[in-house]
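Letter by letter, the chains look like this.
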Amino acid sequence: MIVAVNEVVKHPKIISDANEIIYIEDKRKNQLKSIVIPAKYKSFLNDKLKEIEYQMWLDRNKGLFKDSHPKILNNVIEDIGYKL
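Residues numbered from 1 in each chain as written. Predicted model: local features only at pLDDT ≥ 70, side-chain atom pairs only at ≥ 80, totals over all residues. Heavy atoms only, no water.

A.B. asks: What's the story with the pattern of salt bridges in this structure? I'm lost.
C.D. replies: A side chain of one charge can pair with a side chain of the opposite charge if their charged atoms are brought near each other. Applying the stated rule across the entire model yields three salt bridges. Residue Glu25 pairs with Lys27 through a salt bridge whose shortest N-O separation is 3.9 Å. Residues Lys48 and Glu51 are paired through a salt bridge, measuring 3.8 Å at the closest nitrogen-oxygen approach. Residue Lys48 and its partner Glu51 are located together in helix H3 (residues 42–66), separated by three residues, close to a single helical turn. (Salt bridge = Lys/Arg side-chain N within 4 Å of Asp/Glu carboxyl O. Helix = DSSP H or I, 4+ residues; strand = E, 2+ residues; numbered from the N terminus.)

In C-alpha cells:
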C-alpha cells in the first residue's frame, strides 16, 4: 500500500495497525520516504536491520573522522564489526 506523508500524520493508526508493507511517499516531490514492514516479520530481517543500522551509523559519523583521523574510523569500524 502506498500512502502520503500527510495521511500518516492525520491517521497514525495506519502504521500501528499495519498488516502489509506500507510505502510512505512524498506526493509533491514524488519521492519514497519510508517503508514500514509489520513487526511480525522482524525475525526475517534481523541481519539486514543490523547492516542498515551500521550503515546509518557510518553515514552519520564519517564526517567526524574523514579529515583529521582516518585511522580512528578504521579502528572503530573493525571494533564494531568484531562485536556484530
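The rest of the description comes next.
A.B. asks: In this structure, what is going on with the sheet that holds strand S1 (residues 2–4)? I would like to understand it.
C.D. replies: The strands making up a sheet are joined through hydrogen bonds of the backbone, oriented either antiparallel or parallel. Here three strands make up an open sheet; going across it, the order is S1-S2-S3 and the pairing mixed. The strands lining the two open edges of the sheet, one partner per strand, are S1 and strand S3 (31–36). Ignoring strand direction, the axes of neighbouring strands in this sheet form an average angle of 30°. Both strand S2 (residues 22–26) and S3 contribute to a ladder of five bridges, which runs antiparallel. Paired with Tyr23 across the bridge in S3 is Ile35. (Pairing = 2+ DSSP bridges. Axes fitted to C-alpha atoms, helices over the stretch in contact; angles between N-to-C directions.)

A.B. asks: Is there a simple way to think about the side chain of Asp26 in this case?
C.D. replies: Within the fold, Asp26 resides in strand S2. In this structure Asp26 is buried but unpaired, with Arg28 as the nearest side chain of opposite charge at 4.2 Å. A polar side-chain atom of Asp26 sits 3.1 Å from the main-chain amide nitrogen of Arg28. If we ignore the near neighbours within four places in the chain, the residues touching Asp26 are Val5, Gln31 and Lys33. (Buried < 20%, exposed > 50% of the residue type's maximum accessible area, 1.4 Å probe, protein only. Lys, Arg positive; Asp, Glu negative; His and termini not counted. Polar contact = N/O pair within 3.5 Å; in protein donor to acceptor, adjacent residues only side chain to side chain. Contact = heavy atoms within 4.5 Å.)

A.B. asks: In this structure, what is going on with the pairing of S2? I would like to understand it.
C.D. replies: Along a regular strand, successive side chains alternate from one face of the sheet to the other. The buried fraction of S2 amounts to four of the five residues, a majority that puts the element mostly inside the structure. The loop that links S2 with its antiparallel partner S3 comprises four residues; one of these, Asn30, has a positive phi angle of about 55°.

A.B. asks: Is there a simple way to explain the environment of Ile24 in this structure?
C.D. replies: Relative to the helices and strands, Ile24 is located in strand S2. Ile24 sits in the buried class, given a relative accessible area of 10%. For the pair Ile24 and Ile2, spaced 22 residues apart in the sequence, the C-alpha separation amounts to 6.0 Å. In this view, Ile24 contacts Val3, Ala4, Val5, Val8, Ile15, Gln31, Leu32, Lys33, Ser34 and Val36; residues no more than four positions away in its chain are not counted.

A.B. asks: Looking at this structure, how should I read unusual backbone geometry?
C.D. replies: A negative phi holds for most residues other than glycine; trans holds for most peptide bonds. Even without being a glycine, Asn30 presents a positive backbone phi close to 55°. If you trace the backbone, Asn30 turns up in the loop between S2 and S3. Judged by relative accessible area, Asn30 falls into the exposed class, the value being 60%.

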